[in-house]
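So you can see what is in the structure, the chains are spelled out below.
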Amino acid sequence: MEIKQSSSPTSFIDSTVVPGDVVLDLSSMTNQTIKLGGGLRQDCDAISAMKAGTLRFSKPNKYWIESSQKRYVPCVEDTVLGIVVDSKADNFLIDIKGPALAFLPVLAFEGGTRRNIPKFEVGTLLYLRVVKANFGMNPELSCTDASGKAAEFGPLKDGYMFETSTGLSRKLLSSPTCPVLEALGKKLSFEIAVGLNGRVWVNAASPDTIVVAANAIMNSESLSTAQQIIMVEHLLKNIQ
Amino acid sequence: MEIDREDGRSQNQLRPLACSRNILHRAHGSASWSQGDTKVLAAVYGPKAGTKKNENPEKACIEVIWKPKTGQIGKLEKEYEMILKRTLQSICILTVNPNTTTSVMIQVVNDDGALLPSAINAACMALVDAGIPMRHLAVSICCCVARSGLVILDPTKLEEQKMKAFAYLVFPNSVHSVLPEGSPSVQGEPIENGIITSVTHGTMSVDDYFYCLERGRAASTKLSDFLRRNLQQQSTNSSKAG
């Protein structure tokens, strides 16, 4: 009887998988620790896909499914843009486009004490960091970085917020800089905050600049590098 | 025994399939599915926090709303909603997002036979587009038994009205696997041999029903391949960006 090795052409790494596909066989990988990221689930000795997307592998042992959705799955240490929905005695309730509302403790600010609790109105846009994202519980957020400093977190004033897919947010935050942001940055000066949950905030001195920047980013989702640069040149020609 | 179908198809031939995903701007997932002239639009919203009153809060809840092309919502639409809800509950993994509700809206754009199977296929693709965690996909076919005893697949509305009996069948899709013995099995049988839903109308003999199951299962592999190609195409389109 022939025995197939899992590194043979049937390996799914970097190819599209569909929910139900068994992508890893643990019985042939004894004595290894594997980390499973989003989109994969374990069924005894077989790891199968829950979402449709591309299977990615990063050395030494991380597997995950990369896909782009309109909703967000909360993950620890992600930076997101949240909107205040309600405020309670101990927490603000924040909407981060996930399956549950997130909590922002009232003291999670730099130098936060019971005496100087910030007052956020319903609808305030905040730039936040996800601190806890456990199964079955509401995610917890914070307006400070890991060492307790404010570090740009907090409310975002003025500007314009729009929604994108999570895939586009990741591309905007990738390094080296995303082509559309580089092309825009050469001609315009603007400020941008990208949330991994599919929200982007842009601010600039004049509304024209804000609108051009927002349209350029929204159009760049399915374009290649060269196409993005051409699209940005086209948009900028019309305002100058 | 040959039967002359009005559009010239053979006994087991399906109508041309077309599927596009992410067509609605506001919905979190959407798909349009057409089989010949039957066209259905599905939209998925969710997962959103909170479940309904009588639902188990330890699992995700799926709610289905069926909108017919014309007329008021009646018993037939409620029956379709219930069948769709139970089919989708068995393919989605409900324990990943407890205490949430996912809403699926089905809008009938045109009905030319095999409406419920098209709706199930559209709903499944819309759930994939929204990123809802699923155990496997569902592929759905309509098989009918003519008065002469012949079994044909994917009837048009005229053919459906002349038939003695018909069955809507939903099968799991065929999975690709790195396991040496092929796809995962449940109690010794591969997953593809299972069946998720079966809705029958009219009277047919037990042998006819098993024959319908066989034909339907054979056609479901073609549908599975179509779904896989469709998902691969759209993912390579978006990965060209940046």
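As the structure is a computational prediction, the values presented were derived from the model and not from experiment.

Conventions adopted
Residues numbered from 1 in each chain as written. Chains lettered and ligands numbered in written order. Predicted model: local features only at pLDDT ≥ 70, side-chain atom pairs only at ≥ 80, totals over all residues. Heavy atoms only, no water. Helix = DSSP H or I, 4+ residues; strand = E, 2+ residues; numbered from the N terminus. Buried < 20%, exposed > 50% of the residue type's maximum accessible area, 1.4 Å probe, protein only. Areas by Shrake-Rupley, 256 points an atom, 1.4 Å probe, with all protein chains shown as cover. Lys, Arg positive; Asp, Glu negative; His and termini not counted. Charge placed at Lys NZ, Arg CZ, Asp CG, Glu CD. UniProt positions renumbered as here; feature names shortened; annotations may be inferred. Axes fitted to C-alpha atoms, helices over the stretch in contact; angles between N-to-C directions. Parallel < 35°, antiparallel > 145°, perpendicular 65-115°, else oblique. Left-handed = near helix turned anticlockwise from the far one by under 90°. Contact = heavy atoms within 4.5 Å. Nonpolar A, V, L, I, M, F, W, Y, C, P; charged D, E, K, R; others polar. Domains from an automatic or database assignment. Buried area = accessible area lost by both parts, 1.4 Å probe. Expected span 1.5 Å × (residues − 1). Arc of directions from axis to C-beta.

Visitor: Would you take a moment to explain the overall build of chain B for this structure?
Guide: Across its full length, chain B carries four helices and eleven strands. Judged by the C-alpha coordinates and their principal axes, chain B covers about 55 × 50 × 40 Å. Counting the 242 residues in chain B, one finds 52% classified as buried. Counting only carbon and sulfur atoms, one obtains 50% of the accessible surface of chain B, whose full area is about 11300 Å². Of the charged side chains in chain B, 27 are positive and 24 negative, and the gap between their average positions amounts to 7 Å.

Visitor: Can you help me understand the UniProt feature "domain: K Homology" (unreviewed entry) in chain A in this one?
Guide: Under the feature "domain: K Homology" (unreviewed entry), the UniProt entry names residues 159–207 of chain A. Taken end to end, residues 159–207 of chain A has its terminal C-alpha atoms 9 Å apart, with 35% of it in helix and 29% in strand.

Visitor: Looking at this structure, I do not really get the environment of Asp4 of chain B. What am I missing?
Guide: Residues and elements named next belong to chain B. Locating Asp4 in the fold gives a position in the segment before strand S1 (17–21). When its relative accessible area of 79% is taken as the criterion, Asp4 is described as exposed. When the C-alpha atoms of Asp4 and Val128 are compared, they prove to be 37 Å apart, with 124 residues separating the residues in sequence.

Visitor: What is the right way to read the packing of helix H1 (residues 75–91) of chain B against helix H2 (residues 115–130) of chain B from this model?
Guide: The relative placement of two packed helices is expressed as an angle between their axes plus a distance between the axes. Residue and element names in this part refer to chain B. Running from N to C, H1 and H2 point in directions that differ by 40°, and their axes come no closer than 11 Å. Judged by the inter-axis angle, H1 sits oblique to H2. Handedness of the crossing formed by H1 with H2: right-handed. In this structure, H1 contributes Tyr80, Ile83, Leu84, Thr87, Leu88 and Ile91 to the contact, and H2 contributes Leu115, Leu116, Ala119, Ile120, Ala123, Cys124 and Leu127. Here the residues of the contact of H1 with H2 sort into twelve nonpolar, one polar and no charged.

Visitor: Hey, could you run me through the domain arrangement of chain A in this one?
Guide: Interface size is commonly expressed as the accessible surface area that is lost when the partners come together. Residues and elements named next belong to chain A. For chain A, the assigned domains read domain 1 (2–66), domain 2 (79–155) and domain 3 (160–239). Taking only C-alpha atoms into account, the centre of domain 2 sits 26 Å from that of domain 3. The interface of domain 2 with domain 3 comprises ten residues on the first partner and twelve residues on the second. When domain 2 packs against domain 3, close to 830 Å² is buried across both sides, 55% of that on carbon and sulfur atoms.

Visitor: How should helix H4 (residues 225–239) of chain A be read in this particular structure?
Guide: Because an α-helix packs 3.6 residues into every turn, residues spaced three or four apart end up facing the same way. All names here are of chain A. Taking 1.5 Å of rise per residue, 15 residues should cover 21 Å, and H4 covers 22 Å from first to last C-alpha, within 8% of that figure. Within H4, burial applies to Gln228, Met231, Val232 and Leu236. Down the axis, H4 shows its buried residues gathered within 130° of arc, on one side only. Opposite the buried face of H4, at more than 90 degrees from it, the exposed residues are Ile230, Glu233, His234, Lys237 and Asn238.

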